[in-house]
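Residue-level structure breakdown
For reference, the chains in residue letters:
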Amino acid sequence: MEDNTMFNPTSSAYSEIQPSTTVSYIKDDKISTEKAKKNLYQNRHMVLSTLSCGMGMGLFFASGQQISSAGAYGTIISYLIVGIMIVFMYLSCCELIVNFPGLNILDYSRVFICDSIGYAVSILYCLNQLIVFPLEIISAVLLTESYVSLNNYKGLVVTFYIALIFVFSFLNKKLYVEAEFVLNFAKVLMMIVFIFVAVMQIFGLVGINSPIINKSNNNLVIPGGFNTNPNGLLIKKIISVFITSIFSCSGVEYSAISLSTQEKSKVKKQIKNSSYQIIGRMLVFYVLPFFLIGMLVPYTNQNLMGAVDKDGLPINTYPKSPFALTFELHGIKLLPVIVDVVVILSLLSVSISSVNASAVLLKTMSKNGYLAAFLTKLLQDENKNKNLWANAIAFGFGSMAYLIYLPNYSIIFMYMVSIGGLSTIILWTVICISHIVFRSYLKKNKQNLSQLSYVSPSGIFGSYVAISINVVILCLTFWTSLWPVGSDGISISSFLEVYVGIPLFWFLVLIYKLTQNLYFGHAAQNIQPKQANYIEQYFILDD
């Protein structure tokens, strides 16, 4: 039976419905491509997608833990540094996507580095998409709990939210795209309204306790913009929030996918516009809101996620979104409810995207020979349009949301956030390494950059900067996870809670190297030509 391994460039939050996607096949060492027949995404969808991608639990909910840990200034510093890295990574990613339209983002590690790294990146990122589902559900239930006392009925609310996601997951593709557009629009509109009203609050035009009228109400002054409690080094507190910042920004790389289908004359303009949108979104939707929140909500507020008492012990409350607290603490009655409703809708939106993305990722990995034989057979034999087994796996992971009944569910919650953030930083690093390897290939073969359809203006310098930032973040996070804030010695439990994704990544690399010839079937062995030949198969020069 001849091998016919498929690579799907749409292994992303947009699942199988990316605009004009290209599907590549390897058959007898020849690459053929076919364009998807239906362009479901229009420019309005892509603009909103670029602006709102990643705006879910991390930004709207887990950011409370960032503020309570490091203060508003510490949170802003983390987003500024991560934002610089994202811009450089995005430009490198765009160069690869435009010049290698037959590859998806998760294929870069396999093509440019090695197959074992490709396997580990794929598995870890798929795991990230699978656990995002229960993570968003838990957050939605906690926000619901802040308004309605659920007591022993949390399971019913979890079931209700999962049922909603189940229905949306099987919508007509066009309806799904439009539903996603509406939800993204709601998120962006809510952020704009939030900024406008918060500024009015600060100047005393609405609400009470204006920071301008009475400086003692300015929480950036009292208690301050940094968490200066004596229960740990300030630098450690700031470092500890970086992983959550990365998790909150995850998915931005996928806004570049549609560039592979743009006309060559429009590619540079589109990338320039998208780059400005990403920079603008980091400043307007991340940095500015946290500055406003810092003035209006003290980091000592007990309703923030991760709030602790003077002894550093967790306060047993149902956390609230800092965006809702901004209005609630200043006497504005209706807006906190509206904000939380939009946040819950955004959480469900991200859950729906993660279900679709994980289904496509699972099927793609099965075709790449990255899954066990029995699972590969199940995924490849099912009806392509229904993805029944892949969705069953996704909803199986979704049932982890019922862990909210456990008294220490918050620890499991942070494990999930950690895996999500670390899998994202690994993917971003791999993209930049792949860009450097690609440029090295061009130089070795004396090919001029003018032959490329698009050249990153930051060049390999940008990739090196992004890699350096990621490596520094990983090293510093290793330090703060093993010697956590407020601890006098080493804490293995803290290390596993924060850093579990890194040893898991290298464990997957080792597993693949040990078992690829035993358990993963013949597919993985048949798609590993020499790197140079592999690049040549996919590389498309400008005419």
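Conventions we followed
- Residues numbered from 1 in each chain as written.
- Predicted model: local features only at pLDDT ≥ 70, side-chain atom pairs only at ≥ 80, totals over all residues.
- Heavy atoms only, no water.
- 1 Å grid on protein atoms, 1.4 Å probe; cavity = no way out; pocket = protein on both sides within 12 Å on 5 of 7 lines; lining within 4 Å.
- Points joined across faces, edges and corners; volume = space filled by probe spheres on them.
- Helix = DSSP H or I, 4+ residues; strand = E, 2+ residues; numbered from the N terminus.
- Salt bridge = Lys/Arg side-chain N within 4 Å of Asp/Glu carboxyl O.
- Buried < 20%, exposed > 50% of the residue type's maximum accessible area, 1.4 Å probe, protein only.
- Phe/Tyr/Trp six-rings, centres within 6.5 Å; stacked < 30°, edge-to-face > 60°.
- Lys NZ or Arg CZ within 6 Å of the ring centre and 35° of its normal.
- Core = buried A, V, L, I, M, F, W, Y, C linked by side-chain atoms within 4.5 Å.
- Contact = heavy atoms within 4.5 Å.
- pLDDT = per-residue confidence, 0-100.

Inspection of the entire model under this criterion finds eight cavities of 30 Å³ or more. Approximately 60 Å³ is the volume found for the second largest cavity. Taken together, twelve residues line the second largest cavity, and the ones lying closest to its centre are L106, D107, S122, T364 and N368. Breaking the lining of the second largest cavity down by element, the ones donating at least two residues are α4 (115-145) and α12 (334-367). By residue number, the principal contributor to the lining of the second largest cavity is α12, which donates three residues.

To continue, consider the pattern of salt bridges. Enumeration according to the criterion identifies four salt bridges in this entry. We note a salt bridge from E95 to R439, for which the minimum N-O separation is 2.8 Å. Of this pair, E95 sits in helix α2 (residues 57-99) while R439 sits in helix α15 (residues 409-444), placing them 344 residues apart in sequence. R110 is the partner of D107 in a salt bridge, and the nearest nitrogen-oxygen pair spans 2.7 Å. Pair check on accessibility: D107 and R110 agree, each one buried.

As enumerated under the stated definition, the model contains 22 aromatic pairs in all. Relative to F323, the ring of F60 lies with its centre 5.5 Å away and its plane at 75°, an arrangement referred to as edge-to-face. Here F60, found in helix α2, pairs with F323, found in helix α11 (residues 322-328); they are 263 residues apart in sequence, far enough to count as distant. For the pair F60 and F323, one class covers both residues: buried. The side chain of R44 reaches across the aromatic face of F181, ending 4.6 Å from its centre.

It is worth spelling out the nonpolar core at this point. Formed by 155 residues in total, the largest nonpolar core has its most connected members in M57, I137 and W428. Looking at this core, the element that brings in the most residues is α2, giving 22 residues. The residues contacting M57, other than those within four sequence positions of it, are A62, L135, E136, S139, F247, L347, F413 and V417.

A few words on the confidence of the model for the protein chain. Looking at the protein chain, pLDDT values average 81 and 82% of them are 70 or higher. When the elements of the protein chain are averaged for pLDDT, strand β1 (residues 5-7) gives the smallest value, 31, and helix α16 (residues 459-482) the largest, 96. pLDDT under 50 marks residues 1-38. Its contacts with residues more than four places away, or in other chains, come to 117 contacts. Contacts from residues 519-530, a stretch scored under 50 in pLDDT, to residues over four places away or in other chains number 35 contacts.

With respect to burial, helix α1 (residues 43-52) is a largely interior element, seven of its ten residues being buried. By the burial criterion, the buried members of α1 are H45, M46, L48, S49, T50, L51 and S52. Of the residues trailing α1, G54 is marked for its positive phi of about 85°.

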